[in-house]
Amino acid sequence: MTTPAAATAPVLEYTRASRWYGPVIALNDVTTQVPPGVTGLLGPNGAGKSTFLKLAAGQLQPSQGEVKLLGVPAWGSPEVFHRVGLCPEADAFWENLTGRQFLTTLLRLSGFDEAECKQRTARALDEVDLAAAQDRKIGGYSRGMRQRIKLAQAIAHDPEVLLLDEPVTGMDPLNRRRVIDLVRRLGREGKTVVVSSHILYEVEAMTRRVLLVHNGRILAEGDVREIRDLLDEHPHTVALRARDPRRLAAAVVCWPAVVSVRLDPAGEWVTVETTRPDEFYGALHDAALEAGVVEMHSPDENLESVFRYLVAR
Amino acid sequence: MPIYDQGYRRYEARGPLRKARFWPITREALRLVLSKRAFLGLLLAGFIPFVVRVAQIYIVTQYPQADRVLPIDGRLFGEFLNQQIGFTILLVIFGASGLVANDLRTGAILAYLSRPLTRRDYVIGKLLVPLFLCLSVTLAPGLLLYATGLSLAPDFYGKWELAWIGPAIVVHACAISLVVSLLTLAISALSRSARVAGLALFGLMVGLEMVRVILQHGFRQKPAMLLSIQTNLRAVGTALFGIADREVVMAWGWSALVLALLSLGCLYVLRSRVRAVEIVT
């Protein structure tokens, strides 16, 4: 049994933290605390989400203010990285290594012996469903597989804090679901997971606690449902790339939750607008399997409109 | 009383930073480099001069009069090490020019620096790779040659007056290896392409030597000697082993100063370029 104070003590603490790149302010005077559990970092592209995470991961020094991770300054404290897993947005691996070699090498850097490296590698690959592709070179991995191997390296050393930058981008619906379940489970286990996304419904599937970032500032924080209420008037847009896009379009157009369906001129992508995303995502699984959906993303125009609304307030 | 989830209990992998944490970086890089057969062939070719020098010592021990044309005193070791500079350049161009460049290109540097490692650990881990390659064709055969000399001609090399040869081999081999390794890593950190870094390294090591030859011989410019990294390294060798080298036309102290400044410059480049996140302003 833990005390309430210990259970909610901030794992990550920003105190008037700013970061600028030359004349560009990426994060502006941010003061916030992140408690254990899953926290969604929500904001449009270029809002400062990645900078927020890089500061937390100790990969960037704050230009001003302080960022503390597990009670110590995140910058210049590599000893704390034993307890942190970072899944960066951009690719960060050696393409000529196999998935297994990649994880084993990184685990060695974390100080595990050979036997434990093997065991942890196998477990992490299993978690992200890459065991079958473990002996293939990363250079030949698809976008979704690359995302999953990045996630595997972040969780392989069993860290307390996980910083995941757009972890489900480029994944097919099935793996997206798996990763969302994994994040939720890690949060339930008591780990601190900060997961960034520009898709509200993606974050909502993982957690109810969100930080809204816009133009380098924390615009709002709290329960995701409040933000969702603001979104009701704006249809949610989902773009899907499928092997049989016409079949997919024909299937989804009949759903009551869908208000419009559009095929791109190249005939690869189907863009769907829905007013009830939960219902849409719930029904999508079977249709996605039948039509062979290989990639899915959600443009952030609708989220942008919420930010405009919040800024105007 | 509210009951909270027991929560996650951290597995205590390692607490504080462990010692020699740079070693996995070196090990992995060396494994990759040495897994290429062509590279192993090049490494072995670096031992051909060693075999020739062993033959030289053997011939002189069998025919002492040959000493007049093939001296086997300290100069032999200095000339041998100076000769090996060429091999160190080839080895680092083919085996180490992509060490940092590839990490910068693929973003893998972030994978390293998000682990319990400092930037210094990363640099040391990478630096040990060219250092190992260079020492394997300078220090290792140099000391082996000395040991062979001692066994073939114990009366000659066992003399107290020649006891300086061993330490001089260590100093010169380490100087060559350190300068070449630092330069390799710095050039690698300035590029995102192993090929570009390799070409730049070739240009610096071979191109500057050609410029020196043109300026020194064509225009009688003595200070041009300081332009060439190879000649500066040779100048240190000539001083250590008492060799007469007509290309070395300035005091060795100048060369040592140039090499020291070059090394400091390389460290500065590494300090500013080795970052997990590239900042473009």
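Residues numbered from 1 in each chain as written. Chains lettered and ligands numbered in written order. Predicted model: local features only at pLDDT ≥ 70, side-chain atom pairs only at ≥ 80, totals over all residues.

## Focus on the overall build of chain B
When helices and strands are counted, chain B shows 13 helices and zero strands. Ordering the α and β elements of chain B from the N terminus gives α-α-α-α-α-α-α-α-α-α-α-α-α. Along the longest, intermediate and shortest principal axes, the C-alpha atoms of chain B span 100 × 45 × 35 Å. In chain B, the proportion of contacts linking residues at least 24 apart, taken out of those at least 6 apart, comes to 77%. (Helix = DSSP H or I, 4+ residues; strand = E, 2+ residues; numbered from the N terminus. Contact = placed C-beta atoms within 7 Å.)

## Considerations on the pairing of strand 13 (residues 269-274) of chain A
All names here are of chain A. Burial along strand 13 is one-sided: the residues Val270, Val272 and Thr274 are buried and none of Trp269, Thr271 and Glu273 is. Sheet analysis places strand 11 (residues 236-242) next to strand 13, joined by six bridges and oriented antiparallel. The partner of Thr237 across the bridge, within strand 13, is Glu273. Sheet topology places strand 12 (residues 258-263) next to strand 13; five bridges connect them, and they run antiparallel. Opposite Val258, over in strand 13, you have Thr274 as the bridge partner. Counted between consecutive antiparallel strands, the loop separating strand 12 from strand 13 contains five residues, among which Gly267 sits at a positive phi close to 75°. (Buried ≥ 20, exposed ≤ 12 C-beta atoms within 10 Å, placed from the backbone. Pairing = 2+ DSSP bridges.)

## Re the sheet that holds strand 5 (residues 72-73) of chain A
Residue and element names in this part refer to chain A. Strand order in the open sheet formed by four strands is 2-1-4-5, and the pairing between neighbours is antiparallel. With one partner strand each, in any of the chains shown, strand 2 (24-34) and strand 5 form the two edges of the open sheet. Here strand 1 (residues 12-21) runs beside strand 4 (residues 64-69); their pairing, made up of five bridges, is antiparallel. Pairing of Tyr14 across the sheet is with Val67, part of strand 4.

## Concerning unusual backbone geometry
Residue and element names in this part refer to chain A. One non-glycine residue, Leu70, adopts positive backbone phi at about 50°. Overall, Leu70 belongs to the partly exposed group, with 17 C-beta atoms counted inside 10 Å. Even without being glycine, Asp129 reaches a positive phi, approximately 60°. Structurally, Asp129 is set in the loop between helix 4 (114-127) and helix 5 (143-155).

## Quick look at the confidence of the model for chain A
All names here are of chain A. When the pLDDT values of chain A are averaged, the result is 85; 90% of them are 70 or greater. Looking over chain A, one finds the lowest element-wise mean pLDDT in helix 1 (residues 4-8), namely 48, and the highest in strand 7 (residues 161-165), namely 94. Confidence drops under pLDDT 50 across residues 1-7; counting only partners more than four residues distant or on other chains, this segment forms 10 contacts. (pLDDT = per-residue confidence, 0-100.)

## A word on the sheet that holds strand 9 (residues 209-214) of chain A
All names here are of chain A. The six strands are arranged 6-7-8-3-9-10 in an open sheet whose pairing can be described as mixed. On the outer flanks of this sheet lie strand 6 (84-87) and strand 10 (217-223), each paired with one strand and no other. On average, adjacent strands in this sheet sit at an angle of 15° to one another, irrespective of strand direction. Direction of pairing for strand 3 (residues 37-42) relative to strand 9: parallel, over a ladder of three bridges. (Axes fitted to C-alpha atoms, helices over the stretch in contact; angles between N-to-C directions.)

## With respect to helix 4 of chain A
All names here are of chain A. Across its 14 residues, helix 4 extends 20 Å between first and last C-alpha, which sits within 8% of the 20 Å expected from 1.5 Å per residue. Inspection of helix 4 places Cys117, Arg120, Thr121, Ala124 and Leu125 among the buried residues, and these make up the whole buried set. The buried residues of helix 4 all sit within an arc of 130° when viewed along its axis, so they share a single face. Turned more than 90 degrees off the buried face of helix 4, the exposed positions are Ala115, Gln119 and Asp126. Here the buried face of helix 4 lies against helix 3 (99-109) and helix 5. Within two residues after helix 4, Asp129 carries a phi angle of roughly 60°, on the positive side. (Expected span 1.5 Å × (residues − 1). Arc of directions from axis to C-beta.)

## Quick word on the nonpolar core
Soluble globular proteins: nonpolar side chains tend toward being buried together. Counting residues in each nonpolar core, the largest one holds 166 residues, and the members touching the most others are Ala56, Ala152, Leu163, Val194 and Leu248 of chain A. Looking at which element gives the most residues to this core, the answer is helix 10 (residues 165-189) of chain B, with 14 residues. A domain split of this core shows at least three residues from each of domain 1 (4-229) and domain 2 (235-312) of chain A. Residues contacting Leu248 of chain A, with those up to four places away along its chain left out, are Leu240, Ala242, Val270, Ala287, Ala291 and Val293 of chain A. (Core = buried A, V, L, I, M, F, W, Y, C linked by C-beta atoms within 7 Å. Domains from an automatic or database assignment.)

## Examining the packing of helix 1 (residues 23-34) of chain B against helix 7 (residues 119-137) of chain B
Residues and elements named next belong to chain B. Two elements in contact, helix 1 and helix 7, have axes separated by 8 Å at closest approach and are oriented at 35°. Judged by the sense of rotation from one axis to the other, the crossing of helix 1 with helix 7 is right-handed. Touching Ile25, Thr26, Ala29, Leu30 and Val33 of helix 1 are Tyr122, Gly125, Lys126, Leu128, Val129 and Phe132, all from helix 7. (Left-handed = near helix turned anticlockwise from the far one by under 90°.)

## Some details on the domain arrangement of chain A
Interfaces are often sized by the amount of accessible area the parts lose when they come together. Here chain A is partitioned into domain 1 (4-229) and domain 2 (235-312). For domain 1 of chain A versus domain 2 of chain A, the distance between C-alpha centres works out to 26 Å.

## Focus on the pairing of strand 8 (residues 192-197) of chain A
Residue and element names in this part refer to chain A. Among the six residues of strand 8, six are classified as buried, and the element is accordingly described as predominantly covered. Where burial is concerned, the two faces of strand 8 agree: the one with Thr192, Val194 and Ser196 and the one with Val193, Val195 and Ser197 are both buried. Strand direction decides the pairing type here: strand 3 and strand 8, joined by six bridges, are parallel. The residue of strand 8 that forms the bridge with Leu41 is Ser196. The pairing of strand 7 with strand 8 spans five bridges and is classified as parallel. What sits directly across from Leu164, in strand 8, is Val195. In this region the chain leaves strand 7, passes through helix 6 (residues 173-188) and returns to the parallel neighbour strand 8; the handedness of that crossover is right-handed. (Right-handed = clockwise from strand over helix to strand, strands pointing away.)

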